[in-house]
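# Structural features, examined
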Amino acid sequence: MSENLESPYSNSSTNSSSSHKYIYINEQLIKKISIILEKVIYLNKIPKTKSIFNCNFIPNISLYNYIYRIQKYSKVEDNTLILALIYIDRICSNNFIINYYNIHKIFLIAIVFAIKYNEDNYYTNSYYSKIGGIKINEFNKLEKEFASIIDFQFYVKKSLFDKYYKY
(Lines give C-alpha, C1' and ligand atoms only; values in the text may rest on other atoms or scores of the structure.)
Protein backbone atom coordinates (compact mmCIF):
# COMPACT_ATOMS: atom_id res chain seq x y z
CA MET A 1 0.00 0.00 0.00
CA SER A 2 1.88 2.98 -1.25
CA GLU A 3 -0.76 5.57 -0.47
CA ASN A 4 -1.00 7.04 3.02
CA LEU A 5 -4.43 6.29 4.49
CA GLU A 6 -5.53 9.22 6.60
CA SER A 7 -7.87 8.66 9.49
CA PRO A 8 -11.47 9.82 9.00
CA TYR A 9 -11.47 10.45 12.74
CA SER A 10 -8.78 13.10 12.57
CA ASN A 11 -9.12 16.73 11.57
CA SER A 12 -7.33 16.13 8.28
CA SER A 13 -9.18 15.86 5.01
CA THR A 14 -9.54 12.65 3.05
CA ASN A 15 -6.75 11.80 0.66
CA SER A 16 -7.80 12.87 -2.82
CA SER A 17 -5.31 10.95 -4.93
CA SER A 18 -6.44 9.90 -8.37
CA SER A 19 -4.74 6.47 -8.20
CA HIS A 20 -8.17 4.80 -8.12
CA LYS A 21 -9.08 5.77 -11.68
CA TYR A 22 -9.11 2.12 -12.84
CA ILE A 23 -11.20 0.92 -9.91
CA TYR A 24 -14.91 0.76 -10.62
CA ILE A 25 -16.79 2.76 -8.01
CA ASN A 26 -20.57 2.68 -8.07
CA GLU A 27 -21.29 6.19 -6.84
CA GLN A 28 -25.05 5.76 -7.31
CA LEU A 29 -25.15 2.73 -5.03
CA ILE A 30 -22.96 4.44 -2.44
CA LYS A 31 -25.26 7.46 -2.53
CA LYS A 32 -28.38 5.30 -2.09
CA ILE A 33 -26.88 3.37 0.82
CA SER A 34 -25.71 6.53 2.57
CA ILE A 35 -29.16 8.13 2.11
CA ILE A 36 -30.88 5.05 3.56
CA LEU A 37 -28.58 5.04 6.59
CA GLU A 38 -28.94 8.80 7.07
CA LYS A 39 -32.75 8.40 7.08
CA VAL A 40 -32.56 5.65 9.70
CA ILE A 41 -30.34 7.82 11.89
CA TYR A 42 -32.65 10.80 11.45
CA LEU A 43 -35.73 8.75 12.32
CA ASN A 44 -34.05 7.37 15.45
CA LYS A 45 -33.55 10.90 16.79
CA ILE A 46 -31.41 9.48 19.56
CA PRO A 47 -28.26 11.58 19.82
CA LYS A 48 -25.88 9.20 21.57
CA THR A 49 -26.22 5.88 23.32
CA LYS A 50 -23.61 3.97 25.25
CA SER A 51 -21.90 1.53 22.89
CA ILE A 52 -18.52 0.05 22.11
CA PHE A 53 -19.05 1.37 18.57
CA ASN A 54 -19.35 5.03 19.62
CA CYS A 55 -16.84 7.70 18.81
CA ASN A 56 -16.34 10.51 21.29
CA PHE A 57 -17.37 12.93 18.56
CA ILE A 58 -19.11 12.73 15.22
CA PRO A 59 -16.47 11.95 12.56
CA ASN A 60 -15.75 14.81 10.19
CA ILE A 61 -16.13 12.65 7.09
CA SER A 62 -19.58 12.25 5.59
CA LEU A 63 -21.09 8.79 5.48
CA TYR A 64 -21.08 8.94 1.67
CA ASN A 65 -17.34 9.78 1.61
CA TYR A 66 -16.60 7.09 4.18
CA ILE A 67 -18.39 4.39 2.16
CA TYR A 68 -16.69 5.70 -0.99
CA ARG A 69 -13.33 5.45 0.77
CA ILE A 70 -13.98 1.89 1.85
CA GLN A 71 -15.02 0.86 -1.66
CA LYS A 72 -12.04 2.65 -3.17
CA TYR A 73 -9.43 0.95 -1.01
CA SER A 74 -11.02 -2.48 -0.66
CA LYS A 75 -12.38 -2.74 -4.22
CA VAL A 76 -15.59 -4.15 -2.79
CA GLU A 77 -18.28 -5.48 -5.13
CA ASP A 78 -21.75 -3.91 -5.32
CA ASN A 79 -23.40 -7.07 -3.96
CA THR A 80 -21.14 -6.88 -0.93
CA LEU A 81 -22.27 -3.32 -0.21
CA ILE A 82 -25.87 -4.51 -0.21
CA LEU A 83 -24.98 -7.44 2.03
CA ALA A 84 -23.43 -4.97 4.50
CA LEU A 85 -26.69 -3.03 4.54
CA ILE A 86 -28.54 -6.25 5.41
CA TYR A 87 -26.10 -6.88 8.27
CA ILE A 88 -26.70 -3.37 9.57
CA ASP A 89 -30.43 -4.01 9.43
CA ARG A 90 -29.87 -7.19 11.44
CA ILE A 91 -27.98 -5.33 14.13
CA CYS A 92 -30.79 -2.76 14.29
CA SER A 93 -33.40 -5.51 14.61
CA ASN A 94 -31.59 -6.59 17.78
CA ASN A 95 -32.47 -3.27 19.48
CA PHE A 96 -29.20 -1.63 18.52
CA ILE A 97 -29.64 2.05 17.71
CA ILE A 98 -27.42 3.53 15.03
CA ASN A 99 -26.58 7.21 15.20
CA TYR A 100 -23.97 9.66 13.94
CA TYR A 101 -21.57 8.60 16.71
CA ASN A 102 -21.45 4.94 15.70
CA ILE A 103 -22.53 4.52 12.07
CA HIS A 104 -19.02 4.78 10.63
CA LYS A 105 -17.68 1.96 12.77
CA ILE A 106 -20.85 -0.08 12.30
CA PHE A 107 -20.58 0.25 8.54
CA LEU A 108 -16.88 -0.62 8.54
CA ILE A 109 -17.43 -3.83 10.48
CA ALA A 110 -20.53 -4.75 8.46
CA ILE A 111 -18.70 -4.31 5.17
CA VAL A 112 -15.72 -6.35 6.34
CA PHE A 113 -18.00 -9.21 7.35
CA ALA A 114 -19.78 -8.91 4.01
CA ILE A 115 -16.45 -9.00 2.17
CA LYS A 116 -15.27 -12.05 4.10
CA TYR A 117 -18.57 -13.83 3.51
CA ASN A 118 -19.21 -12.83 -0.10
CA GLU A 119 -15.86 -12.39 -1.84
CA ASP A 120 -13.05 -14.78 -2.66
CA ASN A 121 -10.22 -12.36 -1.94
CA TYR A 122 -9.94 -9.99 0.96
CA TYR A 123 -7.33 -8.12 2.93
CA THR A 124 -6.23 -8.48 6.55
CA ASN A 125 -8.05 -6.88 9.46
CA SER A 126 -5.13 -4.51 9.94
CA TYR A 127 -5.61 -3.22 6.39
CA TYR A 128 -9.33 -2.67 6.93
CA SER A 129 -8.66 -0.96 10.25
CA LYS A 130 -6.36 1.47 8.43
CA ILE A 131 -9.03 2.15 5.82
CA GLY A 132 -11.54 2.80 8.61
CA GLY A 133 -9.18 4.92 10.67
CA ILE A 134 -9.26 2.83 13.84
CA LYS A 135 -6.63 0.81 15.67
CA ILE A 136 -6.45 -2.92 15.00
CA ASN A 137 -7.18 -3.85 18.63
CA GLU A 138 -10.36 -1.81 18.57
CA PHE A 139 -11.28 -3.22 15.16
CA ASN A 140 -10.99 -6.79 16.42
CA LYS A 141 -13.15 -6.01 19.48
CA LEU A 142 -15.79 -4.37 17.28
CA GLU A 143 -15.80 -7.34 14.93
CA LYS A 144 -16.35 -9.74 17.81
CA GLU A 145 -19.14 -7.59 19.29
CA PHE A 146 -20.90 -7.14 15.95
CA ALA A 147 -20.88 -10.89 15.26
CA SER A 148 -22.25 -11.53 18.74
CA ILE A 149 -25.08 -8.99 18.35
CA ILE A 150 -26.30 -10.58 15.11
CA ASP A 151 -25.78 -14.04 16.60
CA PHE A 152 -23.27 -14.93 13.87
CA GLN A 153 -26.07 -14.91 11.28
CA PHE A 154 -24.18 -14.02 8.11
CA TYR A 155 -26.11 -16.14 5.64
CA VAL A 156 -28.69 -14.21 3.62
CA LYS A 157 -31.43 -15.89 1.60
CA LYS A 158 -31.53 -14.95 -2.05
CA SER A 159 -35.10 -13.64 -1.71
CA LEU A 160 -34.04 -11.24 1.06
CA PHE A 161 -31.00 -10.11 -0.88
CA ASP A 162 -33.14 -9.50 -3.98
CA LYS A 163 -35.55 -7.43 -1.91
CA TYR A 164 -32.74 -5.15 -0.70
CA TYR A 165 -31.21 -5.03 -4.17
CA LYS A 166 -34.48 -3.84 -5.71
CA TYR A 167 -35.03 -1.30 -2.95
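Quick summary incoming for the structure in this document. Within every chain, residues take consecutive numbers counted from 1 along the sequence as written. For this predicted model, a pLDDT threshold of at least 70 governs which residues receive local features, and a threshold of 80 or more governs which side-chain atom pairs are given and counted, while totals over whole chains, interfaces and linings are taken from all residues. As a rule here, side-chain values cover all heavy atoms of the structure and leave hydrogens and water aside.

All right, on to the overall build of the protein then. For helices the rule is a DSSP run of H or I covering at least 4 residues; for strands it is a run of E covering at least 2, with both sets numbered from the N terminus onward. Each helix and strand counted, the protein has seven helices and zero strands in total. Written out in order from the N terminus, the α and β elements of the protein read α-α-α-α-α-α-α. Only protein chains enter the accessibility calculation, which uses a 1.4 Å probe; a residue is then buried when its area is under 20% of its type maximum, exposed when over 50%, and partly exposed in between. Taken across its 167 residues, the protein has 46% of its residues classed as buried. Element-wise, carbon and sulfur atoms account for 51% of the exposed surface of the protein, whose accessible area totals about 9,500 Å². Calculation of accessible area relied on Shrake-Rupley with a 1.4 Å probe; when residues are assessed, cover is drawn exclusively from the protein chains displayed.

In this section: the nonpolar core. Residues belong to one nonpolar core when they are buried, are Ala, Val, Leu, Ile, Met, Phe, Trp, Tyr or Cys, and are joined through side-chain atoms within 4.5 Å. Counting residues in each nonpolar core, the largest one holds 51 residues, and the members touching the most others are Leu37, Leu81, Tyr87, Ile106, Phe107, Ile111 and Phe146. At the level of elements, α1 (27-44), α2 (63-74), α3 (78-92), α4 (103-118), α5 (125-132), α6 (136-149) and α7 (158-166) are the ones that each hand at least two residues to this core. Tallying contributions element by element places α4 first for this core, with 11 residues. In this structure, isoleucine 111 is in contact with Ile70, Val76, Thr80, Leu81 and Ala84, ignoring residues within four places of it in sequence. Any two residues having at least one pair of non-hydrogen atoms within 4.5 Å are treated as being in contact.

Running from N to C, α1 and α3 point in directions that differ by 5°, and their axes come no closer than 11 Å. With respect to α3, the element α1 is oriented roughly parallel. Touching Leu29, Ile30, Ile33, Ile36 and Leu37 of α1 are Asp78, Leu81, Ile82, Leu85 and Ile88, all from α3. Amino acids are sorted into nonpolar (Ala, Val, Leu, Ile, Met, Phe, Trp, Tyr, Cys and Pro), charged (Asp, Glu, Lys and Arg) and polar (every other residue, Gly among them). Class assignment of the residues belonging to the contact of α1 with α3 gives a composition of nine nonpolar, no polar and one charged. For every element, the axis is a line fit to its C-alpha atoms; helices are fit only across the contacting stretch, and the angle between N-to-C directions ranges from 0 to 180 degrees. Oblique is the label for every angle not falling under 35 degrees (roughly parallel), over 145 degrees (roughly antiparallel), or within 65 to 115 degrees (roughly perpendicular).

Attention now goes to the packing of aromatic side chains. Each pair of aromatic rings taken from Phe, Tyr and Trp, with Trp reduced to its six-membered ring, is defined by centres within 6.5 Å and is described as stacked if the planes are under 30 degrees apart, edge-to-face if over 60, and tilted in the remaining cases. Within the structure shown, the criterion is met by 10 aromatic pairs. An angle of 70° between the planes, with centres 6.1 Å apart, marks the rings of tyrosine 127 and tyrosine 128 as edge-to-face. Their ring planes at 25° and their centres at 6.2 Å tell us that phenylalanine 161 and tyrosine 165 sit as a pair that is stacked. Linking phenylalanine 161 with tyrosine 165, this pair stays in helix α7, spanning four residues, or about one helical turn. Overall, tyrosine 165 belongs to the exposed group, its relative accessible area being 53%. Three or more aromatic residues joined by ring pairs make a cluster, and in this case those are Phe53, Tyr87, Phe96, Phe113, Phe146 and Phe154.

We now examine the layout of surface pockets. One water molecule sets the probe size; rolling that probe over the atoms shows where empty space is left. Grid points spaced at 1 Å and placed over the protein atoms alone form the basis of the search, with a cavity being a set where a 1.4 Å probe fits but cannot get out and a pocket an open set showing protein on both sides within 12 Å along at least five of seven lines. Lining residues have an atom within 4 Å of a point. Grid points are joined across faces, edges and corners, and a volume is the space filled by probe spheres set on the points. The volume enclosed by the largest pocket comes to roughly 220 Å³. Lining of the largest pocket is provided by Ile36, Leu37, Lys39, Val40, Leu43, Leu85, Ile88, Asp89, Cys92, Ile98, Tyr164 and Tyr167. Looking at the lining of the largest pocket, the elements that each hand over two or more residues are α1 and α3. A per-class count over the lining of the largest pocket returns 10 nonpolar, no polar and two charged.

For the pair α1 and α2, interaxial distance at closest approach is 9 Å and the crossing angle is 135°. Taken together, α1 and α2 sit at an angle that is classed as oblique. Handedness of the α1/α2 crossing: right-handed. Residues Glu27, Ile30, Lys31, Ile33, Ser34, Leu37 and Glu38 of α1 form the contact with α2, whose own contacting residues are Leu63, Tyr64, Ile67, Tyr68 and Gln71. When grouped by side-chain class, the residues that make up the contact of α1 with α2 number seven nonpolar, two polar and three charged. Definitions for this section: a left-handed crossing has its near helix turned counterclockwise from the far helix by less than a right angle. A right-handed crossing has that turn clockwise.

We now examine the pattern of salt bridges. Salt bridges, as used here, are contacts in which a Lys or Arg side-chain nitrogen is within 4 Å of a carboxyl oxygen on Asp or Glu. With the rule as written, the count across this model stands at three salt bridges. A salt bridge links glutamate 138 to lysine 105; the nearest nitrogen and oxygen atoms lie 2.5 Å apart. In this pair, glutamate 138 sits in helix α6 while lysine 105 sits in helix α4, placing the two residues 33 residues apart along the sequence. Here glutamate 138 falls in the partly exposed class, since its relative accessible area comes to 26%. Between lysine 158 and aspartate 162 there is a salt bridge, with the nearest N and O atoms lying 2.9 Å from each other.

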